[in-house]
Every structure is written in structure tokens, then in C-alpha cells.
Amino acid sequence: MEIVEVNEIIYGQSFAQPAHVFNSAAFNAINAYKCAQVYYLLFKDSKVRLGLILGVREGKLISPFSAPFGGFEATTTEVRLQTIDLALEALTQWAKSKNYLGIRIVQPPFVYGSDLLNKMHNCLYRQGYVSQNIELNYHFETSLFTADYAMNVLWYNARKNYKRSLQAGLEFCLLEPQEGQKAYDVIALNRQQRGFPLRMTWAQVQETMQVVQVDFFLVKKETVSIGAAVVFHVANGIVQVVYWGDLPDYSECKTMNFLSYHLFAHYQEQGIRIVDIGPSTENSVPNHGLCEFKESIGCNIGIKTEFYKTLT
């Protein structure tokens, strides 16, 4: 198995339709300034079999270097286990030849393609990669959003909170892209009031919009915006809620129950299969309230595993 270092243009031609947007050459190219160097690698024998984009940070190779997950890209989901094994062996030798300290790979949750990802997990484990973190990742299957969703899927408390949100007279709005900062500003205020970090600036969201379809939503009470969501289209039939939140001063309105209900309705109507709500753990430690909320609105749970191999 040979590794060929290419630029983002050739890599993008080799993987024109990646499994998810975070593995696209275009997405990684606009974020390249966030690490010391970016490698676009093709793994080939008689033809290209796999690809991997790696960033360099603190002497380590990491995928992703600016996204929730990354990992290998395959030219076909039928890639053989032996092929993955040979690619990982070649990667180790290539990385050692450049004197890197280690390799970190965060795989997508299995909902992004369970057969291939299970193969990857098995191969990474056998090649000496250690699972450093196992995050609980939540997603909603829009097939569950039927006329009986509120009665049969929502937990009792979630159903009660949704009814309270209806009594509050809230309004759900899909914004035009040029109005997106209105939603971002609500998220920023939410994070400020709750003391949580906001990792992306509005300028970085705008930059991302060059290569990712982004949807913006507001929840209003009369003329006041009290909740918002920023959602990326990340894969075929899958969107990811990158940010959502409400203003604590209006907590009695149960804004998040209202927002989640109408987000699910919107994407079900749009033919989206999966709404990825993201993890409710950090470094494997759960936020119990967040976990319970996502379960209460009908989310399923997957895992997102961080693998690391020491090369020294």
C-alpha cells in the first residue's frame, strides 16, 4: 500500500462525494490556518482505496483538526479489512518517517455508515490505537415524527413542557441565509449568560457557509428572539445541530421543547432522515441534564470514539 501526498484539489477530485462534509477537501482547506500543516493523503495499490486528511498540532497528526469528527474516506463502502490494515500500517511508517509523536482519529458516530465504521474500529484497535474517549452522541430519526410523536415518543415531562410552550404563544421562524447572524447572536447571548464557550465566531460561520449549506432558525415571543438554532447539512440525508439554545430569562416558556419539535417537523418535511443533535458528554463525562433532555424528545444514542496511537 502506497501513500501519496497530494494537494486539496487532487484530493477533492479523488473524493468528490465524501461520506460527510467534514471529510471534504474544501471544508478542510478553509480551516487549514487552524493547524501548523495539513496533509491530504491517498492510499493506493492498483488504484486509490482510501483517503485521510490530517492536521499537525503540537507534533501530532489529528483528524479532524477543526470539526466534530473526521477519519478515513473510502472509495467504496465495500473496502476490505485487509486493505484498511495495510493502509494503517503504511500510515504508521509514513508518520514515523516524519518524526510525529502520535496519531489521533475521531470517527463519526455509526449512524454515518455502520458497516464501514465498524470495520474501521476493528482495524484501528488491532493496529494499536487506544480509545481515549467514547462520547455519547444523540440523533433523531425523523421517521419517528408522525402524528403520534407527541403522545407516543415524548416522555411525559417533555410532553408537558411542549404544551406549556404552546401556551406561551411562541413562533418558529426559518431565516434566510443573509439573516443568519440574528440566530447566531441569540446563541452567543445564551452561551454568555450560561458561562459556556462559543467556539466559532460569526466570521467563521460565514466562512463555513462557502462550502456547507447552513440553516438558521429563530424562536420568537412576540418581537423578542428567545431561542435559535444553527444547523449544518453534513451528509446525504443528515443534518447536524451545531448550535442551539434559548435565553434563561424566558425559561418558563420551555423554548427548547418548542424548538426541537419544530426542527424535527421541518426536516421531516424536507426529507431529511437524521437530525444529529451531537454529543452530551465531554471527555466522556456526561452532562446528565442534557442527556435526559435529548432522550426525552425521542433521540437515539450512538457513540463517537476518539482513537490515539503513540509513535514514540
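Placed above this text is the structure.
Below or above, wherever it landed, is the structure these notes cover. (Residues numbered from 1 in each chain as written. Predicted model: local features only at pLDDT ≥ 70, side-chain atom pairs only at ≥ 80, totals over all residues. Heavy atoms only, no water.)

### Some details on helix α6 (residues 156-167)
The following threshold applies: Each helix is a run of H or I in the DSSP string that is no shorter than four residues. Each strand is a run of E no shorter than two, and both are numbered from the N terminus. Multiply 1.5 Å by the residue count of a helix minus one, and that product is the helix's expected span. When accessible area is computed with a 1.4 Å probe and restricted to protein chains, residues below 20% of their type maximum are described as buried, those above 50% as exposed, and intermediate ones as partly exposed. Starting at the helix axis, one direction is taken to each C-beta atom, and the arc is that of these directions.
Given a rise of 1.5 Å per residue, twelve residues ought to cover 16 Å, and the 17 Å separating the end C-alpha atoms of α6 matches this to within 8%. Listing the buried residues of α6 in full gives A158, R159, N161, Y162 and S165. In a view along the axis of α6, the buried residues occupy a sector of 165 degrees, so they form one face of it. Across from the buried face of α6, at angles greater than 90 degrees, the exposed residues are Y156 and Q167.

### Examining the nonpolar core
The condition that has to hold: The criterion is simple. A nonpolar core is a set of buried Ala, Val, Leu, Ile, Met, Phe, Trp, Tyr and Cys residues joined through side-chain atoms within 4.5 Å. Residue contacts follow a heavy-atom distance rule, with two residues in contact if any of their heavy atoms lie within 4.5 Å.
Grouped together as the largest cluster of nonpolar side chains are 32 residues, with contacts concentrated most on W244 and L263. Within the residue set of this core, elements represented by two or more residues are β7 (130-141), α6, β9 (214-221), β10 (224-235), β11 (238-246), α9 (255-269), β12 (274-279) and α10 (288-296). For this core, the element with the highest residue contribution is α9, accounting for seven residues. Setting aside anything within four residues of it in sequence, one finds L263 in contact with F172, F217, A229, V231, V241 and W244.

### Here we look at helix α7 (residues 180-194)
Compared with the 21 Å implied by 1.5 Å per residue over 15 residues, the 22 Å span of α7 between its first and last C-alpha is a close match. All of the buried residues along α7 are G180, A183, Y184, V186, I187, N190 and R191. Summarising the axial view, the buried residues of α7 lie within an arc of 160 degrees, below the 170-degree limit, and thus occupy one face. Two residues or fewer after α7 comes G195, characterised by a positive phi angle close to 75 degrees.

### A look at the side chain of D276
For the record, the criterion: In this tally, Asp and Glu contribute negative charge and Lys and Arg positive charge; neither His nor the terminal groups of the chain are included. By definition here, a salt bridge exists when the distance from a side-chain nitrogen of Lys or Arg to a carboxyl oxygen of Asp or Glu is within 4 Å. In the analysis that follows, any N or O atom pair within 3.5 Å is treated as a polar contact, provided that within protein one partner can donate a hydrogen and the other can accept it, and provided that, for residues neighboring in sequence, both atoms belong to side chains.
Relative to the helices and strands, D276 is located in strand β12. Despite being buried, D276 has no salt bridge partner; K294 is the closest side chain of opposite charge, sitting 7.3 Å away. A polar contact of 3.2 Å, which involves the side chain of D276, links it to the side chain of Q240. Leave out the neighbours within four places in its chain, and D276 touches F69, Y112, N137, Y138, H139, I238, V239, Q240 and V241.

### Considerations on the packing of aromatic side chains
The cut-off we apply is this: Planes of paired rings set the category: under 30 degrees apart is stacked, over 60 is edge-to-face and the rest tilted, where pairs are Phe, Tyr or Trp rings (Trp by its six-membered ring) whose centres lie within 6.5 Å.
In this structure the tally under the stated criterion is 20 aromatic pairs. On the numbers, 5.1 Å between centres and 40 degrees between planes, the contact of Y11 with F15 is tilted. By the burial criterion, Y11 is buried, and F15 matches it. Among the aromatic residues, ring-to-ring pairing joins F140, F145, Y149, Y162, Y261 and F264 into one connected group.

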